[in-house]
Amino acid sequence: MNQFYEDLLEYYDDIFPLEQERIDFIQRIVPLQSGQVQKILDVGCATGTTAVALIKNGYFVTGIDLNPAMIQSANRRNPEPKTNGRFLQMNMLEVADYFPPANLDAILCLGNTLVHLKDAHEIGAFFTEVQKLLKPGSPFIFQVINYDLVLDKKLPGLPDVVTSRCRFVRHYEPVTGEKALLFNAALYSSTGHIVFQDTTRLYPARQRELSELLQKTGFKDIEYYSDFSGSPFDGTSLGLIGVARSSFKDQ
């Protein structure tokens, strides 16, 4: 998977440009408080576009990603002075080992990062880590593909992303006898030449399963949206955005 994102890095921001709606959505869920520091952890921060936009707006953001090339790109993007933002290479399953408990005002896990974990057990373990780090009542905001739609409709893939520089093609392939999908991606230059292709294994978690795992690990007040405009989730959108509130209390 690391090589896939290293190959994609040069084109990443063209294919996945920062949407102002995303920043506005986060700021509605995590409003800045006068005289208070709002600390956010961005898990799977990629090239850091979301984190840096929040940093520029006054949030204190730590971005983590498993891929070192992504972290290098994010650090280059980070504005000076770097007093309220940092980017670290880190495994998302180990975040509770590096950050103090009940200290964060929000945790983000966007861009379908969550389903790169291998199964429900790992997703539940990550939710447990997140729960430990959030202040009571603080939000965990995550974004995945709506895999209920993908699996029930047997969608062959996602729409192509076409920019002035490239065409990004994405197809799904079921894994026989397992709850898993192979995500086959290929990137073509503007002249039609293939730049790279890769296959990544995903765990297609359904909405109900995510809700059960969140509740099991102590989250409450779970809300779902179709997109960052805040449209309620009705099951027909390709995207699924969840906001769950931490109920962690010191033992």
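In this text the structure is predicted, and so the values were computed from the model without any measurement.

Visitor: Can you lay out the sheet that holds strand β11 (residues 239–245) for me, pointing to particular residues and giving the numbers?
Guide: Read from one edge of the open sheet, 7 strands run β3-β2-β1-β4-β5-β11-β10, paired in mixed fashion. Looking at strand neighbours, the two that pair on one side only are β3 (85–89) and β10 (220–225), the edges of this open sheet. The mean angle between the axes of side-by-side strands here comes to 15°, regardless of whether they run parallel or antiparallel. Its contacts with the sheet put helix α4 (residues 68–77) on β2 (60–65) and β3, and the angle it makes with β3 is roughly 165°.

Visitor: I'd love a proper account of the packing of helix α2 (residues 20–29) against helix α3 (residues 49–56), names of residues and values included.
Guide: Packing of α2 against α3 leaves a shortest axis separation of 10 Å and a crossing angle of 55°. Looking at the two axes, α2 sits oblique to α3. Crossing hand, α2 versus α3: right-handed. Every residue of α3 that contacts α2 at R22, I23, I26 and Q27 is listed here: T50, A53 and L54.

Visitor: Talk me through the packing of helix α5 (residues 120–133) against helix α7 (residues 207–216); I want residue IDs and the actual numbers.
Guide: Where α5 contacts α7, the two axes come as close as 9 Å, and the packing angle between them is 45°. Compared by their axis directions, α5 and α7 come out oblique. Considering the relative orientation of α5 and α7, their crossing is right-handed. Contacts between α5 and α7 pair A120, I123, G124 and F127 from the former with E209, L210, L213 and L214 from the latter. Split into classes, the residues belonging to the contact of α5 with α7 amount to 6 nonpolar, 1 polar and 1 charged.

The rules behind these values
- Residues numbered from 1 in each chain as written.
- Predicted model: local features only at pLDDT ≥ 70, side-chain atom pairs only at ≥ 80, totals over all residues.
- Heavy atoms only, no water.
- Pairing = 2+ DSSP bridges.
- Helix = DSSP H or I, 4+ residues; strand = E, 2+ residues; numbered from the N terminus.
- Axes fitted to C-alpha atoms, helices over the stretch in contact; angles between N-to-C directions.
- Contact = heavy atoms within 4.5 Å.
- Parallel < 35°, antiparallel > 145°, perpendicular 65-115°, else oblique.
- Left-handed = near helix turned anticlockwise from the far one by under 90°.
- Nonpolar A, V, L, I, M, F, W, Y, C, P; charged D, E, K, R; others polar.

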